[in-house]
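Fold and geometry: a report
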Amino acid sequence: RTQELGLGERELVVARADLDAAQDRIFVLACVLDDVERDLAEGDITSRAALRALVAAVHECVDAASPGRR
């Protein structure tokens, strides 16, 4: 398919649904990161809930990128 589309060795074809899902996970991760950074800036470094949310968002991204990792 790569040759058919004239793509180079460093290019690939990704299903729209897979790309959308990856972008959604990255958006959630960015939002959680913003929340944790805000908590830290405000001196609320004991915000365990925010850190748990950040860890969960990171795990979701990693698990989606590496199925079967766990």
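First, a word on what this report is: a plain description of the structure on this page.

Rules behind the numbers
- Residues numbered from 1 in each chain as written.
- Predicted model: local features only at pLDDT ≥ 70, side-chain atom pairs only at ≥ 80, totals over all residues.
- Heavy atoms only, no water.
- Helix = DSSP H or I, 4+ residues; strand = E, 2+ residues; numbered from the N terminus.
- Rg over C-alpha atoms; globule rule 2.2 N^0.38 Å.
- Buried < 20%, exposed > 50% of the residue type's maximum accessible area, 1.4 Å probe, protein only.
- Areas by Shrake-Rupley, 256 points an atom, 1.4 Å probe, with all protein chains shown as cover.
- Salt bridge = Lys/Arg side-chain N within 4 Å of Asp/Glu carboxyl O.
- Axes fitted to C-alpha atoms, helices over the stretch in contact; angles between N-to-C directions.
- Parallel < 35°, antiparallel > 145°, perpendicular 65-115°, else oblique.
- Left-handed = near helix turned anticlockwise from the far one by under 90°.
- Contact = heavy atoms within 4.5 Å.
- Nonpolar A, V, L, I, M, F, W, Y, C, P; charged D, E, K, R; others polar.

The subject of this paragraph is the overall build of the protein chain. On a plain count of helices and strands, the protein chain comes out with three helices and zero strands. For the protein chain, the α and β elements follow one another from N to C terminus as α-α-α. A compact globule built from 70 residues would reach a C-alpha radius of gyration of about 11 Å, whereas the protein chain, at 17 Å, exceeds it by more than 25%. The dimensions of the protein chain, computed from C-alpha atoms along their principal axes, are 55 × 25 × 20 Å. Each of the 70 residues in the protein chain was classed as buried or not, and the buried ones make up 11%. Accessible area for the protein chain stands at about 5,800 Å²; split by element, carbon and sulfur atoms hold 55% of it.

Going through the model one piece at a time under the given rule, you end up with two salt bridges. In this structure, the salt-bridge partner of Asp20 is Arg16, at a minimum N-O distance of 3.7 Å. Of this pair, Asp20 and Arg16 both sit in helix 2 (residues 16–41), separated by four residues, roughly a single helical turn. Residue Asp20 is classed as partly exposed on the basis of its relative accessible area of 31%.

Here we take up the environment of Gly43. Of note, Gly43 is situated in the loop between helix 2 and helix 3 (48–65). Sequence separation between Gly43 and Val13 is 30 residues; the distance between their C-alpha atoms is 45 Å.

For the pair helix 2 and helix 3, the least separation of the axes is 9 Å and the interaxial angle reads 155°. One way to sum up the angle between helix 2 and helix 3 is to call them roughly antiparallel. The crossing of helix 2 and helix 3 is left-handed. Counting all contacts with helix 2, which are made through Arg25, Ile26, Val28, Leu29, Val32, Leu33, Val36 and Asp39, the residues of helix 3 involved are Ala50, Leu51, Ala53, Leu54, Ala57, Val58, Glu60, Cys61 and Ala64. Taken together, the residues that form the contact of helix 2 with helix 3 break down as 14 nonpolar, no polar and three charged.

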